[in-house]
Amino acid sequence: DIQMTQSPSTLSASVGDRVTLTCRASESCSRWLAWYQQKPGKAPKLLIYNAFSLESGVPSRFSGSGSGTEFSLTITSLQPDDFATYYCQQYNSYPWTFGQGTKVEIK
Amino acid sequence: VQLVQSGAEVKKPGESLRISCRVSGYSFTTFWITWVRRTPGKGLEWMGRIDPSDSHINYSPSFQGHVTISTDTSARTAYLHLSDLKASDTAIYYCARHRTSHDALDLWGQGTLVTVSS
């Protein structure tokens, strides 16, 4: 199985900050990587697919980059609605696997 | 366009359970359905997926033999069957759709809370 490791586990930031979340794969995922946002009591929401493609309806302050084993999600200007937990997921090979999540909390 | 799951369940160890995921607003056979669960200890785990057009299934080795995924095309519904439940199966279970084997999960059900307790 491809192991996905996210860092940091928790990130404290303020509204307006630029934040970058990292996801590392134990082997290459090519560009088959997605980022999801999850809020308490809600299902995950797709933000980024194929490493850098923005899902329809997602604000442009979200962007993804990387390929192979190193990926990142950047939020250019953190908004109050962005405080949540973010997960990466590889869909290069079965079984698909998720990172353990990065919680973005208010500083 | 939505995926609507069945309601919360409370089960005893050793019992079985079936969760449903009914789709609406799109052609049922156009998207595959994946099942994911979330536990406090292990986070999000991919359990398996089914192609409703031909019922081809891939299971995660971690769940093979413990879960069965199926669909009823006429009912536009996918099912997750879990057998011999354990306390460690206490989780929120989600269905989600994707177009192909190299595709992200673009729409999710609301989740079904399953509690296994004696």
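Summarised in this report is the structure supplied together with it. (Residues numbered from 1 in each chain as written. Chains lettered and ligands numbered in written order. Predicted model: local features only at pLDDT ≥ 70, side-chain atom pairs only at ≥ 80, totals over all residues. Heavy atoms only, no water.)

1. Some words on the pattern of salt bridges
Residues and elements named next belong to chain B.
Here is step 1: Summed over all chains, the structure comprises seven salt bridges over all chains.
Here is step 2: A salt bridge links R37 to E45, with the nearest nitrogen and oxygen atoms 2.9 Å apart.
Here is step 3: Given a relative accessible area of 7%, R37 falls into the buried group.
Here is step 4: Here E45 falls in the buried class, since its relative accessible area comes to 14%.
Here is step 5: In this structure, D89 engages R37 in a salt bridge whose closest nitrogen and oxygen atoms are separated by 2.9 Å. One end of the pair, D89, is in the loop between β8 (77-82) and β9 (91-98); the other, R37, is in strand β4 (residues 32-39), with 52 residues separating them in the sequence. (Salt bridge = Lys/Arg side-chain N within 4 Å of Asp/Glu carboxyl O. Buried < 20%, exposed > 50% of the residue type's maximum accessible area, 1.4 Å probe, protein only. Helix = DSSP H or I, 4+ residues; strand = E, 2+ residues; numbered from the N terminus.)

2. Brief notes about the interface of chain A and chain B
Here is step 1: With 18 residues of chain A at the contact, the number on the chain B side is 22 residues.
Here is step 2: Of the roughly 1700 Å² buried between chain A and chain B on both sides combined, carbon and sulfur atoms contribute 66%.
Here is step 3: The interface formed by chain A and chain B includes zero salt bridges.
Here is step 4: Here chain A and chain B share six residue pairs in polar contact (both at pLDDT 80 or more) between them.
Here is step 5: The leading source of residues in the side of chain A that touches chain B is strand β4 (residues 33-38) of chain A, at three residues.
Here is step 6: Per-class residue counts for the side of chain A that touches chain B are 13 nonpolar, three polar and two charged. (Contact = heavy atoms within 4.5 Å. Buried area = accessible area lost by both parts, 1.4 Å probe. Polar contact = N/O pair within 3.5 Å; in protein donor to acceptor, adjacent residues only side chain to side chain. Nonpolar A, V, L, I, M, F, W, Y, C, P; charged D, E, K, R; others polar.)

3. Considering unusual backbone geometry
Here is step 1: Note that the residue after A:S7, namely A:P8, is joined by a cis bond; omega there is -10°.
Here is step 2: Take A:P8: it is sitting in the loop between β1 (4-7) and β2 (10-13).
Here is step 3: Residue A:P95 is reached from A:Y94 by a cis peptide bond, and omega for that bond is -5°.
Here is step 4: Within the secondary structure, A:P95 sits in the loop between β9 (85-90) and β10 (97-98).
Here is step 5: In this model, B:R76 sits at a positive phi of 55°, which is unusual for a non-glycine residue.
Here is step 6: Tracing the backbone through its elements, the reader meets B:R76 in the loop between β7 (67-72) and β8.
Here is step 7: Notably, B:D84 is not glycine yet its phi reads approximately 45°, a positive angle.
Here is step 8: Relative to the helices and strands, B:D84 resides in the loop between β8 and β9.
Here is step 9: Relative accessible area serves as the criterion here: at 43%, B:D84 is assigned to the partly exposed category.

Fair warning: the whole summary comes from geometry, so function is off the table for now.
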